[in-house]
Amino acid sequence: MSLHTAQHTNTAAVTSAATTARHWLIMAAAAIIALVALYAVFMDNGTAIAATGDYLHEFSHDGRHLFGAPCH
């Protein structure tokens, strides 16, 4: 076995692993953002978004009606 073949690495496997890890990170970030958005629409009742003004409150209020969640 020559020195050249002993140090050869499989770059396709390394690239594939990095791509897979990046995809998992993107999916995890999207899931966290989705859970925060669902909390804000269904459970928050305007407490966390009160500082942003009436526009965002009305948007989430209409989202509750859209999803059929009770809010009144």
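Basis of the calculations
Residues numbered from 1 in each chain as written. Predicted model: local features only at pLDDT ≥ 70, side-chain atom pairs only at ≥ 80, totals over all residues. Heavy atoms only, no water. Helix = DSSP H or I, 4+ residues; strand = E, 2+ residues; numbered from the N terminus. Buried < 20%, exposed > 50% of the residue type's maximum accessible area, 1.4 Å probe, protein only. Areas by Shrake-Rupley, 256 points an atom, 1.4 Å probe, with all protein chains shown as cover. pLDDT = per-residue confidence, 0-100. Expected span 1.5 Å × (residues − 1). Arc of directions from axis to C-beta. Patch = residues over 30% accessible without salt bridge, like charges linked within 9 Å, V, L, I, M, F, W, Y side chains within 5 Å. Salt bridge = Lys/Arg side-chain N within 4 Å of Asp/Glu carboxyl O.

### A closer look at the overall build of the protein chain
Then, in step 1: A tally of helices and strands in the protein chain yields three helices and zero strands.
Then, in step 2: Reading the protein chain from its N terminus to its C terminus gives the helix and strand order α-α-α.
Then, in step 3: Taken across its 72 residues, the protein chain has 12% of its residues classed as buried.
Then, in step 4: A total of about 6,100 Å² of accessible surface is found on the protein chain, and carbon and sulfur atoms cover 70% of it.

### Focus on the confidence of the model for the protein chain
Then, in step 1: Chain-level pLDDT for the protein chain is 74 on average; 64% of the residues reach the 70-or-more range.
Then, in step 2: Averaged over each element, pLDDT in the protein chain is lowest for helix α1 (residues 3-6) (54) and highest for helix α2 (residues 11-42) (83).

### Quick word on helix α3 (residues 54-67)
Then, in step 1: With 14 residues, α3 should cover 20 Å at 1.5 Å per step; its first-to-last C-alpha distance of 20 Å lies within 8% of that length.
Then, in step 2: Residues of α3 that are buried: Ser-60, His-61, Gly-63 and Arg-64. Seen along its axis, α3 keeps its buried residues to an arc of 155°; they face one direction. Turned more than 90 degrees away from the buried face of α3 sit Asp-54, Tyr-55, Phe-59 and Leu-66, all of them exposed.
Then, in step 3: At the exit of α3 stands Gly-68, carrying a positive phi of roughly 80°.

### Examining a nonpolar patch on the surface
Then, in step 1: Together, Leu-35, Leu-38, Tyr-39, Phe-42, Met-43, Leu-66 and Phe-67 make up an exposed nonpolar region whose accessible area comes to about 800 Å².
Then, in step 2: Contributing elements (two or more residues each) for the nonpolar patch: α2 and α3.
Then, in step 3: Top element by residues in the nonpolar patch is α2. It accounts for four residues.
Then, in step 4: Tracing the chain through its elements places Leu-66 in helix α3.

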